[in-house]
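Each chain is listed here by its residues.
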Amino acid sequence: MLHINNDIALQDWELSESFMRASGPGGQNVNKVATAVELRFEAARSPALTPAVKARLKRLAGRRWTKEGAILMQCDETRSQLRNRELVRERLAELIRKALVAPKRRIATKPTRGSVKRRLESKKQRSSLKSTRGKITPEGS
């Protein structure tokens, strides 16, 4: 079971881990021990998440979201399989915590009277400056 916050915990059936040989630090150890971890979270089927959270999670996950509605995350940073498991689980929990935060709705506001006045005044100044530009006619003709 993976605890996200006080209200949400992911069940064991929603998570599956597979281990493979890592390409990273470890020397000869890399060729012998499967330390890299791939975590699969069945996000679309998860009863712990609301549809709105799932939609935000899909957007945040990007390419890690599969067609079946699962999230695939990998970690092969350390030489320890246990540490890699901890890292990938923490990253998944952090991704879900980000998806739990609903974005604030933007409230449209009118520009103030002063800002409208300043904008129009600067436009008039710019217009008068540009109106002085023009073709120079020769004075002799």
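The following paragraphs examine the structure supplied in this document. Here the structure is a predicted model, which is why all the values come from computation and not from measurement. Throughout, a residue's number is its position along its own chain's written sequence, starting from 1. For this predicted model, a pLDDT threshold of at least 70 governs which residues receive local features, and a threshold of 80 or more governs which side-chain atom pairs are given and counted, while totals over whole chains, interfaces and linings are taken from all residues. The basis for every side-chain value is the complete set of heavy atoms in the structure, and neither hydrogens nor water enter the calculation.

**Let's talk about the overall build of the protein chain**
Definition in use: Helix numbering and strand numbering both begin at the N terminus, where a helix is a DSSP run of H or I of at least 4 residues and a strand a DSSP run of E of at least 2. Accessible area is worked out with a 1.4 Å probe on protein chains only. A residue is then buried under 20% of its type maximum, exposed over 50%, and partly exposed in between. The contact criterion used throughout is that any non-hydrogen atoms of two residues lie within 4.5 Å. For every accessible area listed, the method is Shrake-Rupley and the probe measures 1.4 Å; residues are considered covered only by the protein chains on display. In this tally, Asp and Glu contribute negative charge and Lys and Arg positive charge; neither His nor the terminal groups of the chain are included. For this purpose, a charge sits on NZ of Lys, CZ of Arg, CG of Asp or CD of Glu.
The number of helices and strands found in the protein chain is four helices and five strands. In the protein chain, the order of α-helices and β-strands from amino to carboxyl end is β-β-β-α-β-α-β-α-α. Dimensions along the principal axes, computed over C-alpha positions, put the protein chain at roughly 95 × 40 × 25 Å. Put simply, the protein chain has 141 residues, and 28% of those count as buried. The long-range share in the protein chain, meaning contacts at least 24 apart out of those at least 6 apart in sequence, stands at 59%. Here the protein chain has roughly 10700 Å² of accessible surface; of this, 52% comes from carbon and sulfur atoms. Here the protein chain carries 32 positive and 14 negative side-chain charges, and the mean point of each set is 14 Å from the other.

**Details of the pairing of strand 5 (residues 71-75)**
This is how it is decided: What makes two strands pair is DSSP finding at least two bridges between them.
Alternating positions in strand 5 separate cleanly, Ile-71, Met-73 and Cys-75 being buried on one face and Leu-72 and Gln-74 remaining unburied on the opposite face. Sheet topology places strand 4 (residues 36-41) next to strand 5; five bridges connect them, and they run antiparallel. The partner of Val-37 across the bridge, within strand 5, is Cys-75.

**Comments concerning the sheet that holds strand 4**
We apply this condition: Note on geometry: axes are lines fitted to C-alpha atoms, helical ones only across the stretch in contact, with angles between N-to-C directions running from 0 to 180 degrees.
If you walk across this open sheet you meet the three strands as 3-4-5, and the pairing is antiparallel. Both edges of this open sheet fall to strand 3 (15-20) and strand 5, since each of them pairs with a single strand only. For this sheet the average axis-to-axis angle between neighbouring strands, irrespective of direction, equals 20°.

**Some points on helix 3 (residues 81-100)**
Heads up, the condition is: In a helix, the anticipated span is given by 1.5 Å times the number of residues less one.
In a regular helix each residue adds 1.5 Å, so 20 residues correspond to 28 Å; helix 3 covers 29 Å between its end C-alpha atoms and thus fits that length. Turning to helix 3, the residues buried within the fold contact strand 1 (2-3), strand 2 (9-10), strand 3, strand 4, helix 2 (51-61) and strand 5.

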